[in-house]
Each structure stands twice: as structure tokens, then as C-alpha cells.
Amino acid sequence: MSFRTPGAGRAMRLPRRPHLLVPVAIALVAIVALFFLFSGVYTDFLWFDAVGYTSVFSNVLLTQILLFVVGGLLMVAIVGGNMMLAFRMRPMFGPSMFGGSSGADRYRMAVDPHRKLIFWIGMAVLALFAGSTMAGQWEIWLQFVNATPFNDVDPLFGMDKSFFVFTHPFLRMLLTFLFTAVVISTAMAAIVHYLYGGFRFQSPGVHASRAARAHLSVLVGVFVLLKAVAYWIDRFGLVFSDRGFVHGASFTDVNAVLPAKNILAIISLICALLFFAGVIRPGGMLPGVAFGLLVLSAVLIGGVYPALVEQFQVRPNQQAREAAFISRNIEATRKAYGVDKSEVIDYNAQGDPGKVDFNSDSSISGVRLLDPNLVSKTYQQRQRIRGFYDFPDQLDVDRYRDSAGSMRDTVVGVRELIGPPREQDNWINRHLVYTHGYGIVAAPGNKVDSEGLPDFEVKDMPVTGPLVDRTGLKEPRIYFGENSSTEYVIAGGDPKVRQELDYPESGGTGQENTTYQGKGGVAIGSFFNRMLYAAKYSEINLLLSGDVNEKSQILYVRNPRERIEKVAPFLRMDANPYPAVVDGRVVWIVDAYTLSNDYPYSQSRSFGDMVRDTATDTRAIAQQPRDHINYIRNSVKATVDAYDGTVNLYAWDSQDPLLKTWSKAFPGIVKPAAQMSPDLRSHLRYPEDLFKVQRDVLARYHIEDARAFYGGQDFWNVPNDPSLSDSDVKQPPYFLSVKMPGTSAPSFSLTTTFVPRQGPNLAAFMAVDATDGGDYGKLRILRMPSNTTIPGPGQVQNNFTNKFSGELNLLGLGNAKIRYGNLLTLPFANGLVYVEPVYVQTAAASGQEPYPILRRVLVAYGNKVGSHDTLAGALEQVFEGAAAQQPNNQQQKPTETNQAAQLNAAIDEARKAYDDAKKALSADPPNWVEYGKAQQRLQDALNRLQSAKPSTATPPATGPTTTPSAAPTTSTTPTAPPPTPASTGSPSTSAAS
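Residues numbered from 1 in each chain as written. Predicted model: local features only at pLDDT ≥ 70, side-chain atom pairs only at ≥ 80, totals over all residues. Heavy atoms only, no water.

1. Details of the pairing of strand β23 (residues 647-651)
Side-chain positions along a regular strand alternate between the two faces of the sheet. Counting buried residues in β23 gives five out of five residues, a clear majority hidden from the surface. Of the two faces of β23, the one holding V647, L649 and A651 and the one holding N648 and Y650 are both buried throughout. Sheet topology places strand β22 (residues 631-641) next to β23; five bridges connect them, and they run antiparallel. By the bridge assignment for β23, T639 is matched with N648. What sits between β22 and β23 in their antiparallel hairpin is a turn of five residues, with G645 showing a positive phi close to 75 degrees. When β23 meets strand β24 (residues 671-672), the two strands line up parallel, connected through two bridges. Along β24, the bridge assignment pairs A651 with P672. As a crossover connection, the stretch from β23 through helix α19 (residues 657-665) into β24 is right-handed. (Buried < 20%, exposed > 50% of the residue type's maximum accessible area, 1.4 Å probe, protein only. Helix = DSSP H or I, 4+ residues; strand = E, 2+ residues; numbered from the N terminus. Pairing = 2+ DSSP bridges. Right-handed = clockwise from strand over helix to strand, strands pointing away.)

Shown next as C-alpha cells:
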């Protein structure tokens, strides 16, 4: 008789089904993971193939695979081999040989049935981590195997500096790997010995088998032997020491630490032999003696002795003791940062404006007035055209020929696409319709139109202007740019459909469409490629959209810096790529650097700290783990075509050993500089980040005498940006045309100023020739006399603000805001002239964002200052007024009386115009007509005020002491647009020169 429930047999078999589901689920997860891994790697290959740099992809990938395999296998061989050896050396009679049971027994019983599975899983995890770590060191390996000599030896060891830059990092990496392997092996072997009875923790002490003691003694001996090698290798690391007054081997390092390292290496070798002797001689005496000797020698010889030398020999006589080593640091630092050939010129700079024949030297009459860090808002409001276009926050300064054929500083910006309007923001518009920006906009830096706005020579959509014809611009579309907000776009396709927005137009459909004809993307016509990119971007529309066809291309990595970094991962990009019209196309020009922190005796500094100022894009210089450097070269000039994304790398410093090394590792990707076109060469300029690094270095290392360097009395600082109140961030360098002393004509240069460590006065002016040619890269420093006080940028800014606050405040009626532009410093007529544009930022129409308009130019030279609507007017006040002065005070009295009367009348008229403007604004509704008339009268009064004021720029004592400075700078009353009488016709251009 059976009591089995019907169906019970089937029910009992059901629990077996989950056993089949688990491996199936694991297999599915593995397949999906491998597919996504494959899609990432293969799409990378497709991208490199489209750009034409597959050799970079294959070289890096193969090197990483090689290091991964070697690192993983070597780690498994060392650790796994020692674990297997420990298992084989387990006691024949098991744990009972020491008598009694142990807590290890229950662990062994739990592990033993699964020991092979646990072992291989552990080895796989260890291999994964070790291999990944080694693969991440591919740059160190490639530099080691392709090392190029510097043909220059260090002063301590007499070895070529390539050993420290290329070989020493590899030896340290190898030692770290071996140390890690031995430590893990020792720990894992000890665990195996413990589990299988090799030793026991029993009272009294530890009981170990002879085999276990010998095994562990050998492992510790190997560790100590590696320590001996490390001490020997550490000797070479002394050239990077920061123990002394400067970086590099100091007196203590050479006379105490270096001998100590030699002695410790010998002691460690002896201790290793004592540990090895423990294999033959039983007992713990020899290992104990070795361990004690090792620790004691490390403390006394490696720590106490150098500290005593430093305290009792060096510090009481540091200047004398360290002088030779400071000299080594000075020489190495100047060479490593490329400032060893800089020229320091003593410059009196005590220019007297009354003795200057301004008409005989017009080198400053064409100085750039447009501040590229301020007028971006003006470009946006006047040339953005539609809200889905934009310009960068900081524009760029380049050079283009004017109608007369002369090179002229020009402020340029690219109209880039920031995405579709919010209400039309969907996948098709974002990725298939709004694919590119359009056009470059440029204006001469030294002139504005009658309204104080940039006088655009390239503008509008489609692009027009005289510079278009002179440059031969044929392709204005911007598919690759700095502000490409969309990660990828799909361009190309059927040319008959033309679904990509090209630019808005005033009539017809309201827009002109186009189809991409370039080669900068990856073809995604095949289903397989579309599937891979759908996985890469997690976007099913790439598979389903009918607008993606066999001629479509996917464009991504569209930022010029990121694009170059991907094809040349051994280079570091300048933070400021700039656009230029080269051979009829818009290209991005990017300066690229080879960096190192392993140049012997050179001072190491944070790259981010050195280049950070008020004009720096902090996103481009974010702190990185290896941010410190002590060697830099602008080794490569790179270009990215804004239309098809073509990347070209040109060897600019072909003698740089780092570039030679990387060229061996990646042959053929860097072209000779001779292949640059003449048009491209005409737009090359000295890189900003390199100049910032060099000025940071030269703030101290313009001193070449070790004793003067130790005293530090002549150290300099880069001044804070004076155009920003209460700013504690450095003033940026400025591109402008400068005529340096001893030169015949102005040249396009990058300039900066220095102030003393203590005090705001000017210490030096530095410029580098930024134009490709014979003097390109020549650093010239004009050092001011130390026995006189010459106003620095901050003092000049305060002087401007104090003297012209009245008239500037009157410009700031209502909600208008005064914005000071870049304060430019130029050598002129044995002195220094300061030029600063002043902008009024106000809305041009209701609902429009405020943007700056140039309203004043301030000039200072010697003890004279001037303010006028134009640069020519301000220069006339400073130089012509000074030249007309007479030394006889009696002859000046009538002139001063007339000037006082004119000043009083102009001030009264300005007050009245200001009051009338306030009344017009306070009316309900505001009377814009009367407000415009009052503004015009106010402008006329200010002009008369300028022409009437005395040459000292201070009202005479006989006149009223009240000035229009009492006028408020802000108001709660809404402001209206300033009158624009020239807007009805073609604006007349008033050249600031």
C-alpha cells in the first residue's frame, strides 16, 4: 500500500531546475558584459581608424595587454608558487606533530574540500589586480624601452639625465611590483603553513616545523635583499630631494644621506644572507640578529645621522653649505623650464612725458583696446543671431592682415552651437538636426565703431566682411569646437534630404539646411555598427531611426583638446585652443607639451598653480594626481579642422628628448614642422600656459647668483589682477604688439609684469616674441631700478579710479555698470605707458542681457594720466599737454584761470544733464526721448570736461571742490538704452589709433 501523494515525484524533481538556471544566468551576464566590453574597445578602434591614428590605438592596446599578461602571470607565479610550496611542505603527520588541537583545525576542515577552487579564484583575482596595475604603467614602460639620451649629465653621479627621466621610474615601478609580490607571498605562505600545521601559536612562543621556518626565512631574506637593491636605487633619487633650501641633492644629502644609503645597502645585503643562513642553521637567533641589525641601522644611519648633520653643520651655516647645491638647482631649473636663454635688461623707466616727441614714434597708437575677456558678451549680443548659438566666455587674440597688408591684432571668436531650443529639445533635433555651429567672427583689436562696439570685419550668417575675402574663407561650418554640448551628432546621410540646420535666414523657410560632406565621423550605415553605438550610448533610437542610413556618420570626441589628447595621450594640451582661418578653413590651433617631474636638480612645482589666473579655464587645468612638474617643452603644435575633425601633429621642438622618445614609441604620427603651410605658420603664437609657467619660474630664477638667491631680496611676484577689486588671483598675460627697447618695430608678443615680494611698485616687465620667426620664443625682461619707485599695475589702477571716478560714475547712470578692461603695460620712449579700456555694461533693449560698450580709454605715463573716448585723445592729453607746459608759473596763471572756468561750466552742465536724465527715468511712463537728449548733453559735457582740465589732471584750487563724482553709480529706476544716433545708417569707424 502506497501513501505517496499523486504528483509527489514530479514535485520532488522541481528543486533541480534552479541548478540549471544559475549557470544559464551567469552565462547570460557574462555574454552581456563581454558584449559591452567589446563594443567599447571596437568603437574606439573605429574612431581611431576614422581619424587615421590606428597605430596609436594598436600600440597602446598591445602594450597594455603585454603588461597585463606579464604582470598577472608573474604575480601568480610568485604568490601561487609559494602557496603550493607551503602546501607541499606541510608536516607528514599533520597538525598533531605539535600535540593537541588548534583553532586552525576548523578553518582547515572548512577550506580543505574546496582548496583548489579557492586557490584558482584567488589567483584569478590577484592576476586581475596585478595585471591591471601593470597595464596602467604603459607610459613608463614605453619611455624605458625607447629612451633617448639628453647628452647632458647630472653633476652628482655624472650620468646622462635620460637615466633619471626614463630608467629610474621604471626601476622604481619594478621594485614596487616585486616588493608587493614578496609581501603577499610571505603572508599567504604563512597562512598555508598555519592551516596545515607548519607552525602553531602555543605557550611558550611559536612552534614551527623546520620546513616552514626555512620557507618563511627565505621569503623574508628575499624581501631584505630587495631592500638592499632599493637602498642602492634610492641613491639616484637624491637628485629630486626636497630636504635642502631648494630641490635637488643638498649638502646633507650628499655628505650624510648618500653614504648612509651605501652603508644601508651593504647592511641589508648582510642581513639577507643571515636570513638565508636560517635555512641551514635551525633556531631564530640569526633571523633575530638580522632583523635587529636592519631596524637599528635604518634608524641610526638612515635617520639620526642625517638629522644631526642637518642640525649642527648645515643650519648654522646654511648659506655657505648650500651655495654650490643652490647653483646646481638654478642651472637645472632654468634649463628644464626653457628660461636659460632669457635676457635681462636694466631699464630706467623714468620717462618724462614733457620730453617725449610722440609724433616721432607711433608704436603705441595701434595698441589693442578690445579686452577678449570682456567683449565676449558684446559678441554674443551683437552676433549670436539665435539663442541656440553662443561664443566662449573668453575670446582669442590672433593676427590678420588689414587692407594695407599689415598684420593687426584681431579679437576672434567662433559661433558654436549649444543645442536646440528647450521646447524643441528631442533626440532627433539634438543629434541629427542641430549638428554644428556656423562662422567665425572677428574685429580689429585697436578700434571700435561710433557706438563703442567692435568693428566686425567677419560677421553674420552667412559670413560677410572684408576679412572673408582676404583670408579666402570657404568653409565656415563648425562641427568640432570647444563648447560642443552634445556628446555625439549624426551627420551626413542622403544629400537630397538635407536635414541638418545650417544657419537661420530672414526669408523663405526661415533656415538653410545642409548635409555633412566631411570625413570626421565613423560610418554607421551597417546594422552591426549601429548596434555597437546603441550599446555605447545606451540609445535604442540609433537602431530604430529611419533618418540614420548607409551614408550617416557619427561624430564624437569633438572638443579639440580632447581629440588631440586621445590621438596623442603622451602630450598635455594648453588650456586655450584658438581658432584661425588657415588656407580657407577654420582650424583650431592647440599647443601641446611634453612634461616630466624627473629632471634632476630642477625645482618641482604644481602645473595648475603656475598657470592659474583670472583668465584661466579651471576645467582645463583641474588638479591631477601627477600635477607637479619640473620639466616642460612646447614640443608639438597641433591643429584640428573645425569641419572634418582632421588632427595634425607637428614637431615644434624636434630636439626635445621626450618627444624623440615618444616618436620612437609611436612612429610617424608627428610630422616635421616643415610640412606646415605658410598660412598656418603666420597664425602660430607663443603658448600661454608655457609663458605662465616660465613667468612663475622667473619670478625667482631670474637670479643666477646662489648667495643672492638665498637672500631672496629680489624675488618677484606676479601682481593680482587690478581690474577686479579685491582680487587675490594673478593678472593674466596679454597678447599685444610691443616695441621692445633695441628693436625697430612692434612685434606680436605675450607680456606680463612683476612686482616685488614686498610692495606694489613695478619690479619688471617681461615679453616674449610670439610670432614665428628668428626671435620667436625670446624672453626679454626689463628690470626696473631698485633705487626708485615706479608705479605697479595696482597703483596705476588706483590712480585711474581716484582721478576719473567722477566722470566714470556719471557714465554709470541707472543700472549701468563700469567694467575695467585689461590694464596693458608697454615700454615706450624710455618709460612705461599704461593703457586701460573702460566699458559701460548696459542693456541695449528691453529683455536683452547687458553687454559692455567701450566708452573711455585711460592712459598713464610717468606722472601724467589722460582719459578720452579714444586712445588718440587720451595720448594727446598725456603727451601733447605735457609738451606744452611752461616752467614759468606766472605765464601759466591765465591758462589755469581759463581752465578752471571751463571746468566749472562743464561740471554744472553735467550735473544738470544728470538730473534731467533722472527726471525722465522717474516719469510714468519713462520719457525715453528726453532721457536720450539728457544723455547726449551729458556726453558733450564730459567731453568738454576732458578738454578743459589742467595738465595735472586735477582741478585747480581756485575752482569748486565739488565734482560730478557725487553722482550715484546705481539706481532703482529702470534704465533705457543709450542714444545711438549712428544706428540708422552705416556706423562710422573711429580708429583708436
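2. Considering the pattern of salt bridges
Two side chains that carry opposite charge are able to pair once their charged atoms sit near each other. Throughout the structure, instances matching the rule amount to 30 salt bridges. A salt bridge links E457 to R408; the shortest N-O distance between them is 2.9 Å. Here E457, found in the loop between β10 (447-449) and α14 (466-471), pairs with R408, found in strand β6 (residues 407-414); they are 49 residues apart in sequence, far enough to count as distant. Taking the relative accessible area as the measure of exposure, E457 reaches 11% and is therefore buried. R408 gets classed as buried once you look at its relative accessible area, which sits at 15%. With a shortest N-O distance of 2.9 Å, E475 and R477 are connected by a salt bridge. Of the two residues examined, E475 and R477, each falls in the buried class. Three or more residues joined by partner-sharing salt bridges are found here, namely D152, K161 and K335. (Salt bridge = Lys/Arg side-chain N within 4 Å of Asp/Glu carboxyl O.)

3. Quick notes on the sheet that holds strand β9 (residues 440-444)
Taken in spatial order, the three strands make up an open sheet running β5-β6-β9, and their pairing is antiparallel. Bordering the open sheet on either side are β5 (396-401) and β9, each of which pairs with just one other strand. Across the sheet, the mean angle separating the axes of adjacent strands is 40 degrees when strand polarity is ignored. Pairing of β5 with β6, which is carried by six bridges, proceeds in the antiparallel orientation. Its bridge partner lying in β6, D398 is registered against T410. (Axes fitted to C-alpha atoms, helices over the stretch in contact; angles between N-to-C directions.)

4. A few points about the sheet that holds strand β12 (residues 488-492)
One open sheet accounts for three strands, arranged β12-β16-β15; its pairing is antiparallel. Edge strands, defined here as strands with exactly one partner in the open sheet, are β12 and β15 (522-523). Against the sheet, helix α15 (residues 527-537) contacts β12, β15 and β16 (552-556), and its axis sits at roughly 30 degrees relative to β16. (Contact = heavy atoms within 4.5 Å.)

5. A few points about α19
Residues of α19 that are buried include every one of P657, L658, L659, T661, W662 and A665, and no others. As for α19, its buried residues are in contact with α3 (54-88), α6 (138-145), α7 (161-195), β19 (585-596), β22 and β23.

6. Here we look at a nonpolar patch on the surface
On the surface, L62, I65, F68, V69, L73, L117, I121, V125, L128 and F129 cluster together into a nonpolar patch covering about 960 Å² of accessible area. Counting residues per element, the ones that place at least two in the nonpolar patch are α3 and α5 (115-135). (Patch = residues over 30% accessible without salt bridge, like charges linked within 9 Å, V, L, I, M, F, W, Y side chains within 5 Å. Areas by Shrake-Rupley, 256 points an atom, 1.4 Å probe, with all protein chains shown as cover.)

7. Considerations on the confidence of the model for the chain
Confidence along the chain averages 85 in pLDDT terms, with 85% of residues attaining 70 or more. Contacts from residues 882-897, a stretch scored under 50 in pLDDT, to residues over four places away or in other chains number 11 contacts. (pLDDT = per-residue confidence, 0-100.)

8. Focus: the nonpolar core
Nonpolar side chains in soluble globular proteins tend to end up buried together. Counting residues in hydrophobic clusters, the biggest one holds 167 residues, and the most contacted among them are Y53, Y533, Y556, L649 and F666. Looking at which element gives the most residues to this core, the answer is α7, with 11 residues. Those residues in contact with Y533 that lie beyond four places of it in its chain are T43, L46, W47, V522, I524, S538, L542, I554 and Y556. One finds A349, V375, I790 and Y839 within the second-largest nonpolar core, a separate group that totals 55 residues. (Core = buried A, V, L, I, M, F, W, Y, C linked by side-chain atoms within 4.5 Å.)

9. What about the pairing of strand β31 (residues 824-828)?
Burial analysis of β31 places five of its five residues in the buried class, which makes it a mostly covered element. In β31, alternate side chains face the same way, and those of L824, L826 and F828 on one face and T825 and P827 on the other are all buried. In terms of strand pairing, β31 meets strand β32 (residues 831-842) through five bridges, oriented antiparallel. Pairing of F828 across the sheet is with G831, part of β32. Counting the residues that bridge the hairpin from β31 to β32 gives two residues, and of these A829 lies at a positive phi of roughly 50 degrees.

10. Side note on the environment of A323
With respect to the helices and strands, the residue A323 is situated in helix α11 (residues 318-336). A323 sits in the buried class, given a relative accessible area of 14%. Considered as a pair, A323 and Y710 are 387 residues apart in the sequence and their alpha carbons are 8.0 Å apart. Every residue in contact with A323, bar those within four places of it in the chain, is listed here: Q318 and A706.

11. What about the side chain of Q553?
Looking at the secondary structure, you find Q553 in strand β16. Overall, Q553 belongs to the buried group, its relative accessible area being 13%. From its side chain, Q553 meets the backbone oxygen of G518 in a polar contact 3.0 Å long. At a separation of 3.0 Å, a polar atom in the side chain of Q553 contacts the main-chain amide nitrogen of G521. Non-local contacts of Q553, meaning those with residues more than four positions away in its chain, are made with V489, I490, A491, Y516, G518, K519, G520, G521, V522, A523 and I524. (Polar contact = N/O pair within 3.5 Å; in protein donor to acceptor, adjacent residues only side chain to side chain.)

12. Looking at unusual backbone geometry
Here the amide bond leading from M461 into P462 is cis, since omega sits at -5 degrees, within 30 degrees of zero. One can find P462 in the loop between β10 and α14. A positive phi angle, near 50 degrees, is found at A829, a position not held by glycine. Position of A829 relative to the elements: it lies in the loop between β31 and β32.

13. Focus on the side chain of E475
Inspection of the secondary structure assignment puts E475 in the loop between α14 and β11 (477-478). At 2.9 Å, the side chain of E475 and the side chain of R477 are in polar contact. Excluding its chain neighbours within four sequence positions, the residues that come into contact with E475 are G584, R585, V586 and Y643.

14. Here's the deal with the packing of aromatic side chains
With the rule as written, the count across this model stands at 53 aromatic pairs. Taking the centre distance of 6.5 Å and the plane angle of 80 degrees together, the rings of F245 and F709 count as edge-to-face. With F245 in the loop between α8 (210-234) and α9 (251-277) and F709 in helix α22 (residues 706-711), this residue pair connects regions lying 464 residues apart in the sequence. Residue classification places F709 among the buried positions, given a relative accessible area of 0%. The interplanar angle of 15 degrees and the centroid separation of 5.5 Å between the aromatic rings of F570 and F666 together place this pair among those described as stacked. One end of the pair, F570, is in the loop between α17 (560-567) and β17 (572-573); the other, F666, is in the loop between α19 and β24, and 96 residues separate them in sequence. Residue F666 is classed as buried on the basis of its relative accessible area of 1%. (Phe/Tyr/Trp six-rings, centres within 6.5 Å; stacked < 30°, edge-to-face > 60°.)

15. Structural notes on the packing of α6 against α7
One way to put it is that α6 packs onto α7 with a least axis distance of 8 Å and a crossing angle of 130 degrees. Judged by the angle between their axes, α6 and α7 are oblique. Between α6 and α7 lies a crossing of left-handed hand. Every residue of α7 that contacts α6 at I140, W141, Q143 and F144 is listed here: F166, T167, P169, F170 and M173. A class-by-class count of the residues in the contact of α6 with α7 yields seven nonpolar, two polar and no charged. (Parallel < 35°, antiparallel > 145°, perpendicular 65-115°, else oblique. Left-handed = near helix turned anticlockwise from the far one by under 90°. Nonpolar A, V, L, I, M, F, W, Y, C, P; charged D, E, K, R; others polar.)

16. A word on the environment of F735
Along the chain, F735 turns up in strand β26 (residues 734-738). Between the C-alpha atoms of F735 and D769, which are 34 residues apart in sequence, the distance is 10.0 Å. Excluding residues within four positions of it along the chain, F735 makes contact with R368, V397, R685, Y686, E688, F748, S749, L750 and A770.

17. A short note on the packing of α3 against α5
Running from N to C, α3 and α5 cross one another at 145 degrees; their axes reach a closest spacing of 7 Å. Judged by the sense of rotation from one axis to the other, the crossing of α3 with α5 is right-handed. Contacts from Q64, L67, F68, G71, G72, M75, V76, V79, G80, M83, M84 and F87 of α3 reach α5 at R115, F119, M123, L126, A127, L128, A130, G131, S132, M134 and A135. Partitioning the contact of α3 with α5 into residue classes produces 16 nonpolar, six polar and one charged.

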